[in-house]
Amino acid sequence: MKYISLFIKYSNYKALVVLTITNIFLTVLNLLYTFITGQYIDLLTTSNKKLDITYFILFFLCISVFILFVNYFIAKYKAKVKAKLSYSIDLDIIKNLRDSRYKEVYDFDATYIFQRMNIDSNEISNYIVDTLVGFITNIVIVVVTLIYALLLNHYFSFILLIYIPIYYFVYKKIYSQKLSDSNFILKENQSHLANTLHGQLDNFKYVKSIGDPNYGIDKTNERFNDFLSSLLRNVVCQLNLFTIGRSVEFVLCTIILAISGIMIINNKMTLGELTIINSLSFSFFGNTKELFSSAVFYNKFVVSANRILELLKLQKETSRDKKEVSNIISITLKDISYQYSYDSPQLFNIEALTFLKGKAYILKGSNGTGKTTLLDIIAGILDDFSGILLLNNLDIKTVDIKYYRKKCVSYLLQNTYVDEQCIYNAIHFNGNPCVKQLVQKLMDSIDIDFTNIVNINNLSGGEKRKLAFIDSIQVKKEIYIFDEPTNMMDKQGIMIVADILQQLSQDSIVIVSTHDSYLQRKFNMNHIDL
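Throughout this description, residue numbers start from 1 for each chain and increase along the sequence as written. Owing to the predicted nature of the model, reporting of local features is limited to residues with pLDDT of at least 70; listing and counting of side-chain atom pairs is limited to 80 or more, with chain, interface and lining totals taken over all residues. Side-chain numbers come from the whole structure's heavy atoms, not from hydrogens or water.

Caption draft 1: Molecular detail of the nonpolar core. In this structure, Leu467, Phe469, Ile473, Phe482, Ile500 and Leu501 are the most contacted members of the largest nonpolar core, which totals 37 residues. Numbering of helices and strands runs from the N terminus; a helix is a DSSP stretch of H or I covering at least four residues, while a strand is a stretch of E covering at least two. Contributing elements (two or more residues each) for this core: strand S3 (359–364), helix H12 (420–427), helix H13 (436–444), helix H14 (461–472), strand S7 (479–483), helix H15 (491–504) and strand S8 (509–513). Considering each element in turn, this core owes the most residues, 7 residues, to H15. We call two residues in contact whenever any of their non-hydrogen atoms come within 4.5 Å of each other. Those residues in contact with isoleucine 500 that sit more than four places away from it in its chain are Val435, Leu438, Val439, Leu442, Phe469 and Ile473. Take the buried residues of types Ala, Val, Leu, Ile, Met, Phe, Trp, Tyr and Cys, join any two whose side-chain atoms come within 4.5 Å, and each joined set is a nonpolar core. Partly exposed residues are those whose accessible area sits between 20% and 50% of the maximum for their type, while under 20% is buried and over 50% is exposed, using a 1.4 Å probe and protein chains only.

Caption draft 2: The arrangement of the layout of surface pockets in detail. The definitions used throughout rest on a 1 Å grid laid over the protein atoms alone, on which a cavity is an enclosed set of points accommodating a 1.4 Å probe that cannot get out and a pocket is an open set flanked by protein within 12 Å on both sides along at least five of seven lines; lining residues are those having an atom within 4 Å of a point. Grid points are joined across faces, edges and corners, and a volume is the space filled by probe spheres set on the points. In this structure, the largest pocket occupies an estimated 1900 Å³ of space. If you trace the largest pocket, you find 39 residues lining it, with Arg98, Tyr102, Ile381, Leu413 and Tyr417 closest to the centre. In the scheme used here, Gly and all other residues not listed as nonpolar or charged are polar, with Ala, Val, Leu, Ile, Met, Phe, Trp, Tyr, Cys and Pro taken as nonpolar and Asp, Glu, Lys and Arg as charged. Class assignment for the residues of the lining of the largest pocket results in 20 nonpolar, 8 polar and 11 charged. Its volume calculated, the second largest pocket comes out at about 290 Å³. Forming the boundary of the second largest pocket are 17 residues, of which Asp130, Gly134, Thr137, Asn138 and Glu290 lie nearest the centre. In terms of residues, the lining of the second largest pocket owes the most to one element, helix H5 (residues 110–152), which gives 7 residues.

Caption draft 3: Expanded view of helix H10 (residues 371–378). Burial of H10 is extensive: 7 of the 8 residues sit out of reach of the surface. Inspection of H10 places Lys371, Thr373, Leu374, Leu375, Asp376, Ile377 and Ile378 among the buried residues, and these make up the whole buried set. Once H10 ends, the next one or two residues include glycine 380, with phi positive near 80 degrees.

Caption draft 4: Representation of the packing of aromatic side chains in the model. Pairing of aromatic rings covers Phe, Tyr and the six-membered ring of Trp, with a centre-to-centre limit of 6.5 Å; geometry is then stacked below 30 degrees between planes, edge-to-face above 60, and tilted otherwise. Applying the stated criterion to the full structure yields 13 aromatic pairs. Ring plane angle 85 degrees and centroid distance 5.6 Å describe the contact between phenylalanine 25 and phenylalanine 66, whose orientation is recorded as edge-to-face. Remark: phenylalanine 66 occurs in helix H3 (residues 54–99) and phenylalanine 25 occurs in helix H2 (residues 13–46); sequence separation between them is 41 residues. Phenylalanine 66 gets classed as partly exposed once you look at its relative accessible area, which sits at 38%. A ring pair is formed by phenylalanine 469 and phenylalanine 482, whose centres lie 5.3 Å apart and whose planes are at 35 degrees; its orientation type is tilted. Residue phenylalanine 469 is found in helix H14, and its partner phenylalanine 482 is found in strand S7; the two are separated by 13 residues along the sequence. The same class applies to phenylalanine 469 and to phenylalanine 482, which are both buried.

Caption draft 5: Up close: the sheet that holds strand S6 (residues 409–412). Paired strands are those between which DSSP finds at least two bridges. Across the sheet, which stays open at both edges, the 5 strands sit in the order S6-S7-S8-S3-S9 with parallel pairing between neighbours. Single-partner strands in this sheet number two, and they are S6 and strand S9 (527–529). Pairs of neighbouring strands in the sheet enclose a mean axial angle of 15 degrees, with direction left out of account. As paired elements, S6 and S7 share 4 bridges and run parallel to each other. Each bridged residue has a counterpart across the sheet, and for valine 409 the counterpart in S7 is isoleucine 479. Along the sheet, H10 contacts S3, S6, S7 and S8; its crossing angle with S7, the most-contacted strand, is approximately 155 degrees. Between N-to-C directions, angles cover 0 to 180 degrees, with each direction set by a line fitted to C-alpha atoms, over the stretch in contact for helices. Its contacts with the sheet place H14 against S6 and S7, and it is angled at close to 175 degrees to S6.

Caption draft 6: A look at a nonpolar patch on the surface. Side chains of Phe135, Ile136, Ile139, Val143, Ile147 and Leu151 sit close together on the surface and give an oily, nonpolar patch of about 540 Å² of accessible area. For isoleucine 139, a relative accessible area of 36% puts it in the partly exposed group. Surface patches are defined over residues having more than 30% relative accessible area and no salt bridge, joining like charges when they lie within 9 Å and nonpolar side chains (Val, Leu, Ile, Met, Phe, Trp, Tyr) when within 5 Å. Per-residue and other accessible areas follow the Shrake-Rupley method at a 1.4 Å probe size, with only the shown protein chains counted as cover for residues. Salt bridges, as used here, are contacts in which a Lys or Arg side-chain nitrogen is within 4 Å of a carboxyl oxygen on Asp or Glu.

Caption draft 7: Broad picture of the state of the cysteines. Counting rule for disulfides: a pair of cysteine sulfur atoms within 2.5 Å. In total, this model carries 0 disulfides according to the counting rule given. Free cysteine cysteine 434: the closest other cysteine sulfur is in cysteine 408, separated by 18 Å. Look at cysteine 434 and you get partly exposed, because its relative accessible area is 38%.

Printed below as a string of structure tokens:
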């Protein structure tokens, strides 16, 4: 049932109907070509009159061109439908991850998730567009072949029908589970290999700095060997199934050819009919295998669907029965502590701490004491902490956390992220009027001509940090949280940022985590040591 819901959610029924109709039409054209070819051979071998082959050649050319045209349309339309379907799945996963609790996605690696999304969404789109549409076409060919074989000679239809239970037994009883298991292992190893390869590119600068071009290659080789091993197991499994199927086909085709030869000698069958039954037999075997392959592809679909559903079913942040909070004048922490896992050490234990509107606070502490974690808790990102956090007198766990983050909090993360929108916001700053002149002063300290298109990769770390800082104060908020705001900035930038923080704290709560000595001296009245 869960797979049906996935199919219903992402299927474009109009597109599937168009593809099904065009595929059936193409099948009819191919069958017509086969039957006309048989009649043409009979006329060549049995007619006593001179045969004008011009009409047949023109017919074959016309129908061939038409088949090519329909194939072209189907291939192009399929590519479009599959691309849109895959993208809609990927987009849903991204939206779902963004809507999930931070703790649920904390351990996920972005590259691994991307590869997993890419592989699985493509697998699902291929199954829906190729396999399900092809399933109907395959049934048409199988039925037509059996009917023709029955009309020609009941032995032929019997021989063809024997193939179905044989192939079913081989696939279902021997290879079905093996294929399913090998597909799952292959996909996992493929995602892990891609993740490791991305890591090798991601740490490019570090590798250059240590002067060891082979750094991490052993781990990459290990991942590749796992992938290669699972790939070969999967290929061998498919080859074994293919080889058995082809062996049965050759035996049955040989029997059909032997019977046909006897019938032709006894004038009970023509060469044209032999051509038709021979062509249809191979089509029958191929399409029967494809029908069973639908089950193979279904196994792949199930594996991918389960992996997709795992990402779509992560625990969400909910706003149901939650309260909207506004006009925050105090943040109170009582007995707040945090552990990332049961066996990890406790980062901090804060018995009582209050942040008040109209003040700026500096969080101090050595690396690993939990400054960023505490900021994440106050910003409403981490929710699995112990203790009580009150916004005014409202427990944060009863608050609509999405509304709180969007309307009340501005949070500058420690890792700088700058994109085109961030640069645009900084250039066209329209935030708090009391800091507008200081923001312009900070912009002037960036030696970049913003009248031209700015290449983000050409910006220094300090320049990116200034732009990200300006973007974080673009909208007036009640709470401003900054994690190492002056990281990589020059002295002039640090001094301007300090003045901006002081201005913001006049009518907001400002919380800053920093190792910067200038900021610590600037706000020496409200230091908090972790």
